Amino acid sequence: MTDERSTILVVEDDAATRSFLADNLTADGYDVLTAETARDALRMLERKYPDVAIVDLGLPDADGLALIQRVRRADGVATRLNPDVPLLVLSGRAGELDRVRGFERGADDYLVKPFGYGELLLRVKALLRRTARRPRGGRLRVGDLEIDPLSREVLLRGRRIELSQKEFALLRALASDPTRVFTKEELLRTVWGFRSLGSTRTLDSHACRLRHKLARDGDRFVLNVWGVGYRLVDGLVVDGAPLEAAAC
Ligand code: CA
């Protein structure tokens, strides 16, 4: 049932529930990680990339809802959190409002304690099936370019391209909405997180290096939209494309 052993993170401060879940999920063939606090959970999510997390809401250091919100708001660049990791809330809070809140913050499913293990397992399997159909970890594809936000790997026709951290962040930003023109101001804010006069030069030099690296096979992915900003295209060199390559 579980090909290549899915990893499940159990975030639960109650020792009995935690070991019950860990024992049973392990017996059912999953790799299990456990965390007792929201802080440990974040660390696990950043370093181990579980396929699903089961999240208790009453945690000693933070509310599980805040944890969920933090994951969902992650951009996958500044942190190594995968914002798309499936999250199943397992909580004693049974009210309709609690459940609505859970879903609003980004939970994929919500199971109320006391729970039956059989039902929990079915729901976990359903979440795993859903992710199996999605590209892993939100991989982005633009033409023959493949971008993995988690491993920060960039492949062009299957061959790796080495990028600096900022070059990667810039590519990731542009690839989030290919063909859209991003203004320089927008890119500075996203990639550098500040606005300052003169730093557009920094942006231009990074964009220029990124373009050269992606042009290994003669493609043109990064287009300079003169006076406005940059955009990403699928790399095919089109006759009559604007002659902006000399600008950098
Ligand atoms: Ca608890």
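Relevant structure appears above.
Residues numbered from 1 in each chain as written. Predicted model: local features only at pLDDT ≥ 70, side-chain atom pairs only at ≥ 80, totals over all residues. Heavy atoms only, no water.

> Would you take a moment to explain the overall build of the chain for this structure?
Counting its secondary structure elements, the chain contains eight helices and 12 strands. Evaluated residue by residue, the chain yields a buried proportion of 44% over its 248 residues. For the chain, the share of sequence-separated contacts (at least 6 apart) that also reach a separation of at least 24 residues comes to 56%. Put simply, the chain shows about 13000 Å² of open surface, and 50% of that area lies on carbon and sulfur atoms. (Helix = DSSP H or I, 4+ residues; strand = E, 2+ residues; numbered from the N terminus. Buried < 20%, exposed > 50% of the residue type's maximum accessible area, 1.4 Å probe, protein only. Contact = heavy atoms within 4.5 Å. Areas by Shrake-Rupley, 256 points an atom, 1.4 Å probe, with all protein chains shown as cover.)

> I'm lost on helix H7 (residues 184-192) in this one. Help?
In an α-helix there are 3.6 residues to a turn, and that puts residues three or four apart on one side. Taken together, the buried positions of H7 are Lys184, Glu186, Leu187, Leu188, Val191 and Trp192. Residues of H7 that are buried make contact with helix H6 (165-175), strand S10 (182-183), helix H8 (200-214) and strand S12 (229-235). Within two residues after H7, Gly193 carries a phi angle of roughly 75°, on the positive side.

> Please explain the pattern of salt bridges as it appears in this structure.
Side chains carrying opposite charge are able to pair once their charged atoms draw close together. With the rule as written, the count across this model stands at 21 salt bridges. Close ionic contact of Glu36 with Arg18 constitutes a salt bridge, the shortest N to O distance being 3.6 Å. In this pair, Glu36 sits in the loop between strand S2 (31-35) and helix H2 (38-48) while Arg18 sits in helix H1 (residues 15-27), placing the two residues 18 residues apart along the sequence. Taking the relative accessible area as the measure of exposure, Glu36 reaches 42% and is therefore partly exposed. In this structure, Arg216 and Asp217 form a salt bridge, with 3.3 Å as the shortest nitrogen-oxygen distance. Ionic contacts of the salt-bridge type, sharing partners, join the residues Asp144, Arg157, Arg216, Asp217 and Asp219 into one network. (Salt bridge = Lys/Arg side-chain N within 4 Å of Asp/Glu carboxyl O.)

> Honestly, the coordination of the calcium ion in this entry has me stumped. Any pointers?
Protein-derived ligands of the calcium ion are Asp13 (OD), Asp56 (OD) and Gly58 (O), with the metal-ligand distances lying across 2.2 to 2.4 Å. Read in sequence order, the donor residues coordinating the calcium ion give the pattern D-x42-D-x1-G. (Donors = N, O, S within 2.8 Å, 3.2 Å for Na, K, Ca; no water.)

> Help me out: how do you make sense of the pairing of strand S11 (residues 220-225) in this one?
Every regular strand shows the same layout, with side chains that alternate between the two sheet faces. Of all the six residues making up S11, five are buried; the element is thus mostly covered by neighbouring parts of the structure. Examined bridge by bridge, S11 and S12 share five bridges and lie antiparallel to one another. By the bridge assignment, Arg220 is partnered in S12 with Gly235. Here S11 folds back onto S12, and the loop between the two strands holds three residues, one of which, Gly227, carries a positive phi near 80°. (Pairing = 2+ DSSP bridges.)

> What am I meant to see in the sheet that holds S2 here?
Where strands meet in a sheet, backbone hydrogen bonds hold them as pairs that are either parallel or antiparallel. If you trace the five strands from one edge of the open sheet to the other, you get S2-S1-S3-S4-S5, paired in parallel fashion. Two strands in the sheet have a free side with no partner beyond their single neighbour: S2 and strand S5 (109-112). Adjacent strand axes in the sheet meet at a mean angle of 20°, parallel and antiparallel pairs treated alike. Where strand S3 (residues 52-55) and strand S4 (residues 87-91) come together, three bridges link them in parallel fashion. The partner of Ile54 across the bridge, within S4, is Leu88. Strands in contact with H2 are strand S1 (7-11), S2 and S3; relative to S2, the strand with the most contacts, it is inclined by about 145°. (Axes fitted to C-alpha atoms, helices over the stretch in contact; angles between N-to-C directions.)

> I tried to follow the packing of helix H3 (residues 64-73) against helix H4 (residues 96-105) on my own but got confused; where do I start?
Each pair of packed helices can be summarised by the angle the axes make with each other and by the distance between the axes. As a packed pair, H3 and H4 sit with axes 8 Å apart at the nearest point and diverge in direction by 25°. Taken together, the axes of H3 and H4 lie roughly parallel to each other. In this structure, H3 contributes Leu65, Ala66, Ile68, Gln69 and Arg72 to the contact, and H4 contributes Arg101, Gly102 and Arg105. Per-class residue counts for the contact of H3 with H4 are three nonpolar, two polar and three charged. (Parallel < 35°, antiparallel > 145°, perpendicular 65-115°, else oblique. Nonpolar A, V, L, I, M, F, W, Y, C, P; charged D, E, K, R; others polar.)

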